[in-house]
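Letter by letter, the chains look like this.
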Amino acid sequence: MEIFIIVLVMLVLIGVSNVIYRYIPFVPVPLIQIALGAVIAVIPFGVHLHLEPELFFILFIAPLLYNDGKNTPRDELWRLRAPILLLSVGLVFVTVFVIGYTIHWMIPSIPLAAAFGLAAILSPTDAVAVGALAGRIQLPKSLMRLLEGEALMNDASGLVAFKFATAAALTGIFSWHKATFSFIVIAVGGLLVGAVLAFLIIGIRQLLRRAGLEDETMHMLLQLVTPFLLYLVAEELGVSGILAAVAGGIVHAIEDDKVDHSMPRLKSVSVNTWSVILFILNGLVFVILGIQIPEVTSVIFKDPGFNNVVVIGYAIIIFVLLLVLRFVWTFLFTWFGKDKLSFKVLILTTISGVRGAVTLAGAFSVPLLLNNGNPFPQRNLIIFLAAFIILLSLLTASILLPIIAKKRIIADESEKAHEEREWQMKVMGAAIHHLEHVSHEANEEAIESVIAEYRRMILQMEMIENQNRPLPNRRQKELEMRIIALDIERKYVDEQLEKGAISEKHANFYFKMLDQIEMILANRLHLWKMVLKGLWNKIKASFSGSGYKLAFTEADINALRGLRLQCSEAVLEEMDARCEPEAKDDPTECVTAYYHQIISRMKEMPVHSKNKTDDFNEARKELHWSAIQAERDEVQSLYEKGTIDRELASILRRHIRDREAAMYEEDEIG
């Protein structure tokens, strides 16, 4: 029961961290999660979790690296194979050698073999941390691919080096020749075992499909257990389980390219399931890291045998030396290579080498006792130095990366408008892609209808792009004019109701639709006002007995279309009176264009008939909301990856709200 409570608390902290990040986006999510983990560990009756390194590697590192192997572009990995190997293998061993001797020289109480072990666990970088930190900046794409490829490989090389260094510390015996040969066997063996096992699992899945077992849930279960099987089997055979998980992920990526066409629903289920799992695993890694830090630091700070200032100074010196080594190594292999990197990219590569949970898990796996029964020398100090350097690397990257990797500032308004339209079209393209994946025979006609609407919107956007029409900063004014237009519609409906030209049933429905549109368009403060207004209206309806669901006949729908047409004409008449002919960039222009489009669409629509069934309308409505959510997910994904900044993400979300409002109107009376 205690473990269940601890896991539940950590899951809650992951959710809280993302809520906090919405309000303080300048602080990366990993740092928030580490801070929350530390807080929950130091409060009275707080969470205390013993870190089991082997369990940590199989539960967290194996599935995360398996997924990275699946999603990292194979052509990019091959193109960057030389720098990836130089960073993930060459730099690891240079780090072990240089940092190991430095640690032993600074702190003689740490034996040379143990110093090599500490240097080895400090050598791997953390792709999860780098990806999370890059969420609010835009690192060069090639640099991100290089960092991802490096992190896929250097975990294994660093942990293998740590294994041999620890063995030497335990036994007092070490051989460079034996260690080198063993490293090659463990690394290559891990890759081969992972690839062979992955092909076997793929063969099993194909046999199941030939036998008629194409249940998506069962195939998804096989996907979920795959990284754990790869890791366990490889470790049992004495090779690298981490590299086996990476190799298995790459092989399964090849299979996924084929499955996309033969089992499209499995692809959709797989993407959604893995997104949830990775979100949880990534968050748990940093929360667990935060939970461990108070205990690790308190052991050293409370020990009278250590000078706290001196120990922190050791950690800072080691961290700075890690940065210097990384910079020099990167500079040398690029200097002698074909492609010369700019000084800015070299600095970004250096700072992006963030240490993370693999380093801390490796530190905790340091044995308590030597083979002769004596305590492992300075084990607590080794764990403290590893934890402090992890924090230093995260803080340095989170502070300096956004400063150094500043995006290009677009000063020209037309260029900014061009960029916005380009991203709008990409986001709408993501909605089309989503709709194509959820298509099946039952909703094929509705899918084609909604996709056609999106393609029409993209075509209109391309026409505007071809005209090179600037888009000035007038969105707030346009929003205000849309709200005014809705008030004009309400006023017109009130007048028609008083005259007896329309029924109360139609008027109530129309008012409800206008309220919903205003809620979609509203900003945050106004949104709360609209929510409260909607709740109050529901309460009144429940007491008055008017809260029943309206059942519309064909005559009702045609009458509502006519009312919509009249309201649009009333808005245009009012807007024409407000418009200033000589004014440039008049915000009413956007609103009038919108209502002209509505009038044109209403006039072109045929009289409602049974040809357009209720099932079709309901399917269209559901697909509209599904597509809108796909757009929002795409914007969030682009923002988290650092592809777009916060301002552009906000603009794109505003455009999505506009499309949502338009689709709502069409679904209600279209």
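Given the structure is predicted, the values throughout are model-derived calculations rather than measurements.

What counts and how
- Residues numbered from 1 in each chain as written.
- Predicted model: local features only at pLDDT ≥ 70, side-chain atom pairs only at ≥ 80, totals over all residues.
- Heavy atoms only, no water.
- Helix = DSSP H or I, 4+ residues; strand = E, 2+ residues; numbered from the N terminus.
- Buried < 20%, exposed > 50% of the residue type's maximum accessible area, 1.4 Å probe, protein only.
- Contact = heavy atoms within 4.5 Å.
- Areas by Shrake-Rupley, 256 points an atom, 1.4 Å probe, with all protein chains shown as cover.
- Core = buried A, V, L, I, M, F, W, Y, C linked by side-chain atoms within 4.5 Å.
- Phe/Tyr/Trp six-rings, centres within 6.5 Å; stacked < 30°, edge-to-face > 60°.
- Lys NZ or Arg CZ within 6 Å of the ring centre and 35° of its normal.
- Salt bridge = Lys/Arg side-chain N within 4 Å of Asp/Glu carboxyl O.
- Axes fitted to C-alpha atoms, helices over the stretch in contact; angles between N-to-C directions.
- Parallel < 35°, antiparallel > 145°, perpendicular 65-115°, else oblique.
- Left-handed = near helix turned anticlockwise from the far one by under 90°.
- 1 Å grid on protein atoms, 1.4 Å probe; cavity = no way out; pocket = protein on both sides within 12 Å on 5 of 7 lines; lining within 4 Å.
- Points joined across faces, edges and corners; volume = space filled by probe spheres on them.
- Nonpolar A, V, L, I, M, F, W, Y, C, P; charged D, E, K, R; others polar.
- Patch = residues over 30% accessible without salt bridge, like charges linked within 9 Å, V, L, I, M, F, W, Y side chains within 5 Å.
- pLDDT = per-residue confidence, 0-100.
- Expected span 1.5 Å × (residues − 1).
- Bend = angle between axes of the 7 residues up to and from the residue.

(A) Representation of the overall build of the chain within the structure. A count of helical and extended segments in the chain gives 25 helices and zero strands. Looking at the 670 residues of the chain, the share that counts as buried comes to 49%. Intrachain contacts of the chain at a sequence separation of at least 6 include 81% that bridge at least 24 residues. On the chain, roughly 33600 Å² of surface is accessible, and the fraction owed to carbon and sulfur atoms is 63%.

(B) Representation of the nonpolar core in the model. By size, the foremost hydrophobic cluster in this structure holds 147 residues, and its most contacted members are Ile318, Leu385, Tyr454 and Ile644. Contact partners of isoleucine 318, with chain neighbours within four places excluded, come to Ile99, Ile103, Met106, Leu122, Leu385 and Ile389. Counting residues in hydrophobic clusters, the runner-up holds 28 residues, among them Tyr492, Phe509, Leu514 and Val591.

(C) Quick look at the packing of aromatic side chains. Within the structure shown, the criterion is met by ten aromatic pairs. A centroid spacing of 5.1 Å and a plane angle of 35° characterise the contact between phenylalanine 56 and phenylalanine 60, whose relative ring orientation is tilted. Of this pair, phenylalanine 56 and phenylalanine 60 are both found in helix α3 (residues 53-71), four residues apart, which corresponds to roughly one turn of the helix. With respect to class, phenylalanine 56 is no different from phenylalanine 60; both count as buried. An angle of 35° between the planes, with centres 5.9 Å apart, marks the rings of tyrosine 66 and tryptophan 274 as tilted. Within this pair, whereas tyrosine 66 is found in helix α3, its partner tryptophan 274 is found in helix α12 (residues 264-301), the two being separated by 208 residues in sequence. A relative accessible area of 0% means that tyrosine 66 is categorised as buried. Overall, the relative accessible area of 5% leaves tryptophan 274 in the buried class. Directly above the aromatic system of tryptophan 423 lies the positively charged group of lysine 426, at a separation of 4.3 Å from the ring centroid.

(D) Examining the pattern of salt bridges more closely. In this structure the tally under the stated criterion is two salt bridges. For arginine 490, the salt bridge is made with aspartate 487, and the minimal N-O distance between the two is 2.8 Å. Taken as a pair, arginine 490 and aspartate 487 lie in helix α19 (residues 475-499) at a separation of three residues, close to a single helical turn. Looking at aspartate 487, the relative accessible area reads 38%, which means it is partly exposed.

(E) Local environment of the packing of helix α9 (residues 176-210) against helix α10 (residues 216-236). Between α9 and α10, the least distance of the axes is 10 Å, while the angle of their chain directions is 155°. With respect to their mutual orientation, α9 and α10 come out roughly antiparallel. Here the hand of the crossing between α9 and α10 comes out right-handed. The residues of α10 that touch α9, namely those facing Val193, Gly194, Leu197, Ala198, Ile201, Arg205, Leu208 and Arg209, are Met218, His219, Leu222, Gln223, Thr226, Leu229, Leu230, Val233 and Ala234.

(F) Structural context of empty space enclosed by the protein. Under the counting rule described, the total for this entry stands at four cavities of 30 Å³ or more. The space that makes up the second largest cavity amounts to roughly 50 Å³. For the second largest cavity, the full set of lining residues is Ala113, Ala114, Gly117, Leu118, Ile121, Phe162, Thr166, Val366, Phe376 and Ile382. At five residues, helix α6 (residues 112-122) tops the list of elements feeding residues into the lining of the second largest cavity. Taken together, the residues of the lining of the second largest cavity sort by class into eight nonpolar, two polar and no charged.

(G) Inspection of the packing of α3 against α10 at higher detail. Two elements in contact, α3 and α10, have axes separated by 9 Å at closest approach and are oriented at 115°. Here α3 and α10 pass one another in a crossing that is right-handed. For the pair α3 and α10, the contacting residues are Glu54, Phe57, Ile58, Leu59, Ala62, Pro63, Tyr66 and Lys70 in the first and Gln223, Thr226, Pro227, Phe228, Leu230, Tyr231 and Leu232 in the second. Tallied by class, residues from the contact of α3 with α10 come to eleven nonpolar, two polar and two charged.

(H) Summary view of a nonpolar patch on the surface. Where nonpolar side chains cluster on the molecular surface, the patch consists of Ile316, Val320, Val324, Val328, Phe331, Leu332 and Trp335 and spans about 600 Å² of accessible area. Its location among the elements puts valine 324 in helix α13 (residues 308-335).

(I) Expanded view of the confidence of the model for the chain. Across the chain, the average pLDDT comes to 78, with 78% of residues at or above 70. At the level of individual helices and strands, the chain shows its lowest average pLDDT in helix α21 (residues 524-544), which scores 49, and its highest in α6, which scores 91. Contacts of residues 468-472 to residues separated by more than four positions or lying in other chains number 13 contacts, the stretch itself having pLDDT below 50. Segment residues 523-528: pLDDT under 50, and four contacts once partners within four positions in sequence are set aside and those in other chains are kept.

(J) Representation of α3 in the model. In this model α3 runs 26 Å from its N-terminal to its C-terminal C-alpha over 19 residues, within 8% of the 27 Å that 1.5 Å per residue would give. Remark: the principal bend of α3, roughly 35°, maps to isoleucine 61, with a proline, proline 63, within the next four residues. α3 sits mainly inside the fold: 14 of its 19 residues count as buried.

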